[in-house]
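# Coordinate inspection notes
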Amino acid sequence: MTVAVADPMLPQRYRVTHAQRLLDDTVSLRLTPQDGELPSWQPGQFNMLYAFGVGESAISISGADDNGFEHTVRAVGAVSRAIAALQVGDSIGLRGPFGSAWPVTAAEGADVVFVAGGLGLAPLRPAIEAVLQQRERYGRVVLRVGARRPQDLLFPEALERWRLARDVDIDVSVDHADTQWRGHVGVVTTLIAGARFDPHESIAMVCGPDVMMRFCARSLHDEGVADDRIYLSMERNMKCAIGLCGHCQFGPSFICKDGPVMRYDTIADRLNVREL
Amino acid sequence: MKDLEQILQSHAFLGGCEPEYVQLLVGCARNLRFDAGEYLLREGAAADEFYLIRHGKVALEINVPGKAPIVFSTLGEGEIVGASWLVPPYRWTFDARAVELTRAIGIDAACLRRKCDADSGFGYAMMKRFVPILSQRLHATRLQLLDVYGKP
Amino acid sequence: MRSDTETPRAAARITRVALQALIDALIARGYAVIGPTVRDGAIVYDQLSTTAELPAGWTDEQAPGRYRLQRRDDDALFGFAVGPHSWKRYLHPPMETLWTARSSADGFDFSAAPSPTEKYAFLGVRACELQAIAIQDRVFQHDRFRDTAYAARRDNALIVAVHCAQPASTCFCSSMQSGPKARGAFDLALTELLDAERHDFLVEVGSPAGAELLDSLAAAEATRADLDAADAVIAQAERRMGRTIDSSVFRERLRDRAEHPRWTEVADRCLSCGNCTMVCPTCFCTTVEDHTDLSGAQAERVRKWDSCFTMEFSYIHGGSVRQSTGARYRQWMTHKLSSWVDQFGSSGCVGCGRCIAWCPVGIDIAAEATAICADTPPTPGATP
């Protein structure tokens, strides 16, 4: 089916209406359309953000309200540095949303296991919020978060809010900590085994660095979660976001349009092939 | 109150273990309680007892001169603390500190080693319970080494 | 080869001289006529206004890593296979502005590039190239998102195909079911009928636009003998096909043999230059460049052909996914012959052989794919 989008290659004008530094190199921006309404979107999708004259970068949607998208941007390259440096009132170009979504609706009635690593909490956050807003539609809700150090943990306020929310089992593990840290230390995969959920009636959504997702998927598999009930959010070089430039290919998939959210059973074999 | 044998039988480490082996283990076991901040074991000390955590949380730390100790792992309910008692010269290679009130079963290492040597069937059964844990921890350590959340 | 079930063709015959009338008719209808011509020692595609610019009496001798023009012993206008160009450079140009942006009081304003208005008439499109155009149509027009600029150029284009009479040694269109007989979406299709007595073209009509054009020419009705002569041209081309390969196993085996040692062997020869992707008539990958003018007030985004052989192609923050040449070659060939089928419902290869001839070290996609897809898969550790 061909999508009737005015011109998916042409950015729309957005304005930065809120900017917050989350970590040393990571900011959160709220982007409000300058012309017209916010397009419809789903948790898991991404936008292409354009810094004037510098270039474009694919950034997942980490939240939205009626006024705009929230994007969490880590300054790692020329484009993301330029985007992360934007101030309230600045203009930015935005194309999107693009890509596949987390199976938030499909998971209704099941236990939901979220596993986030590092910045991977950002793309999962709208899915977590969506599940918590309709908490009664789901079974047990488990969130496992991995981070490098306690001070690198993303969205601590949101985590606290979710922790206080009804019936959510949240646990955080960091790779290194000093003795002040009261939480877990160790890789996040080790927190999956101890979580209480029915592996046969669960949907798992995993987002984080490639290696972390691979090992989390295996841990979930070992716990008895079927591979077709595990979802990962893949990262490749998204340039056009509409499947025409070829850069984001991962075997037969274009991550920009077939992903980024992909079912583990459809990609498990490919994940083990080097340099694919 | 549960007796030691019941407690051991219900611990994850011994899930599905033959009752006679649990009985053998009971002879080497004692009930322990550590307050928050109390150390279960210290680097360099003799590894003469290891622990089955019943509940609570234990941090494994390495002391760095001039810096705060680095916590490299935490362990909780159903997990075991300590493997150095298995391998000569039986010395601990890190500190283990109770992060919160922790109840544990202490197993006398010399006693267990003796029983393992005497009954190789028992020894092999114990080995089969330890090796997967060691392998999982080695694997987790590798992942930590990768520093996957670090700067690209 | 003509099968008995084929419906009789509405065909006409024109002389070599009338071919000029065809070009004139196209120009009169507002088309830029693009056709083969000799330049820099190769037969390339460029804008033409007379038949004198066609490569009369030239042919191309091709082999892995080799392309040479040679004199024919006749004056055939289309007596060659294919050169380094393909029609994609007109439908999917190597460089294209997508939009411009200007700083304004309100941030900045984007303007989409104007819709293309070029009207191209392609003269001399081979069967393999028709298939290549159909493949790019599928990518750019019939997927989830549509490339509107491509679609506009495609809608405006008129195609005069030529049934191939002269496959090169690098050709394998029969094996890819794409030639040598032109099928599918042409407006007119020519067969060059050349012998001691005559130099004519059999003309088949493929569309109302083609019919209208033919009506304007001094055409004679084709005789039975003309039709038979045209069939013979295609039949002899079929017989002279450079190579034959079994492409039926490529999809599955290339996908499943990602660790085949042959990938590393190819990598030892491959220069990672990307020539194969540039000459390939179906390779569609692009990158974009964002520019600003010196004052910083104007910006634009330009789309350019890109190649999966560059290191930057698979860059994600921190590094490239495909670091080794072997991985990049594997990506190219596996995409072309295997995952293309998953993505777009057909192979991405039409068997034109360009990538073989224009590879500076003569890597042969047909030979490599055949080796990797051999009936016996390699066993790890069992070094031959």
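Values in this document were obtained by computation on a predicted structure and should not be read as measured data. (Residues numbered from 1 in each chain as written. Chains lettered and ligands numbered in written order. Predicted model: local features only at pLDDT ≥ 70, side-chain atom pairs only at ≥ 80, totals over all residues. Heavy atoms only, no water.)

### Section: the interface of chain A and chain C
Formally: Working rule for contacts: check all heavy atoms of both residues, and any pair within 4.5 Å makes them a contact. In short, buried area is how much 1.4 Å probe accessible area vanishes from two parts on joining, totalled over both. Salt bridge, as applied in this entry: a Lys or Arg side-chain nitrogen positioned within 4 Å of an Asp or Glu carboxyl oxygen. Pairing of N or O atoms within 3.5 Å defines a polar contact, subject to two protein rules: one partner must be a possible hydrogen donor and the other a possible acceptor, and residues neighboring in sequence count only if both atoms are side-chain atoms. Secondary structure follows DSSP: runs of H or I at least 4 residues long count as helices, runs of E at least 2 residues long count as strands, and numbering of each begins at the N terminus.
Taken together, the 46 residues of chain A in the interface contact 56 residues of chain C. Of the roughly 4100 Å² buried at the junction of chain A and chain C (both faces included), carbon and sulfur atoms supply 57%. For the chain A face of the interface with chain C, the top three residues by lost area are Phe52(A), Leu244(A) and Glu275(A), together amounting to 19%. Remark: the boundary between chain A and chain C carries six salt bridges. Linking Arg144(C) and Asp258(A) is a salt bridge whose minimum nitrogen-to-oxygen distance equals 3.6 Å. Our count for the contact surface shared by chain A and chain C stands at 23 residue pairs in polar contact (both at pLDDT 80 or more). Looking at the side of chain A that touches chain C, the elements with two or more residues in it are strand S1 (12-23), strand S4 (55-65), strand S6 (91-98), strand S14 (253-254) and helix H6 (255-258) of chain A. It is S6(A) that contributes the most residues to the side of chain A that touches chain C, five residues altogether.

### Description of the sheet that holds strand S3 (residues 46-51) of chain A
All names here are of chain A. This is how the line gets drawn: The criterion for strand pairing is that DSSP finds at least two bridges linking the strands in question. All axes are obtained by fitting lines to C-alpha atoms, using only the stretch in contact for helices, and the reported angles, taken between N-to-C directions, cover 0 to 180 degrees.
Reading around the barrel, the six strands line up as S1-S2-S5-S4-S3-S6 and close back on themselves, with antiparallel pairing between neighbours. Averaged over neighbouring strand pairs, the angle between their axes works out to 45° when direction is ignored. Both S1 and S6 contribute to a ladder of four bridges, which runs antiparallel. Each bridged residue has a counterpart across the sheet, and for Arg15 the counterpart in S6 is Ser91.

### Looking at the interface of chain B and chain A
Put simply, the test is: In this classification, Asp, Glu, Lys and Arg are treated as charged, Ala, Val, Leu, Ile, Met, Phe, Trp, Tyr, Cys and Pro as nonpolar, and every other residue, Gly included, as polar.
In this complex, chain B contributes 22 residues to the contact, which on the side of chain A involves 26 residues. Around 2100 Å² of area is buried between chain B and chain A when both sides are counted, 58% of it from carbon and sulfur atoms. On the surface where chain B and chain A come into contact, there are one salt bridge. With its nearest N and O atoms 2.6 Å apart, the salt bridge here joins Arg148(A) to Asp147(B). The tally of links between chain B and chain A comes to seven residue pairs in polar contact (both at pLDDT 80 or more). Only strand S4 (57-62), strand S5 (70-76) and helix H4 (120-146) of chain B provide two or more residues apiece to the side of chain B that touches chain A. Residue composition of the side of chain B that touches chain A, by class: twelve nonpolar, five polar and five charged.

### A word on the environment of Trp332(C)
Residue and element names in this part refer to chain C. Mapped onto the elements, Trp332 comes out in helix H10 (residues 325-344). In this structure, the C-alpha to C-alpha distance between Trp332 and Asp228, residues 104 residues apart in sequence, is 41 Å. Look past the residues within four positions of Trp332 in its chain and what remains in contact with it is Cys276, Thr277, Cys283, Cys308, Phe309, Cys355 and Ile365.

### Let's talk about the packing of aromatic side chains
Our working definition: Geometry of aromatic contacts follows a simple scheme: Phe, Tyr and Trp rings, the Trp one being its six-membered ring, pair when their centres are within 6.5 Å, and the pair is stacked under 30 degrees between planes, edge-to-face over 60, tilted otherwise. A simple rule labels every residue: compare its accessible area, found with a 1.4 Å probe on the protein chains alone, to the largest value its type can have, and call it buried under 20%, exposed over 50%, or partly exposed in between. Our definition puts a charge over a ring when NZ of Lys or CZ of Arg is within 6 Å of the ring centre and also within 35 degrees of the ring normal.
Taken as a whole and judged by the stated rule, the model has 35 aromatic pairs over all chains. Taking the centre distance of 6.4 Å and the plane angle of 80° together, the rings of Trp41(A) and Phe69(A) count as edge-to-face. Of this pair, Trp41(A) sits in the loop between strand S2 (26-33) and S3 while Phe69(A) sits in strand S5 (residues 68-74), and the two are 28 residues apart along the sequence. For Phe69(A), a relative accessible area of 0% puts it in the buried group. Among the aromatic residues, ring-to-ring pairing joins Phe254(A), Phe140(C), Tyr150(C), Phe284(C), Trp340(C) and Phe344(C) into one connected group. For the cation-ring pair, Lys88(C) lies above Trp305(C), with the distance from its terminal atom to the ring centre recorded as 4.5 Å.

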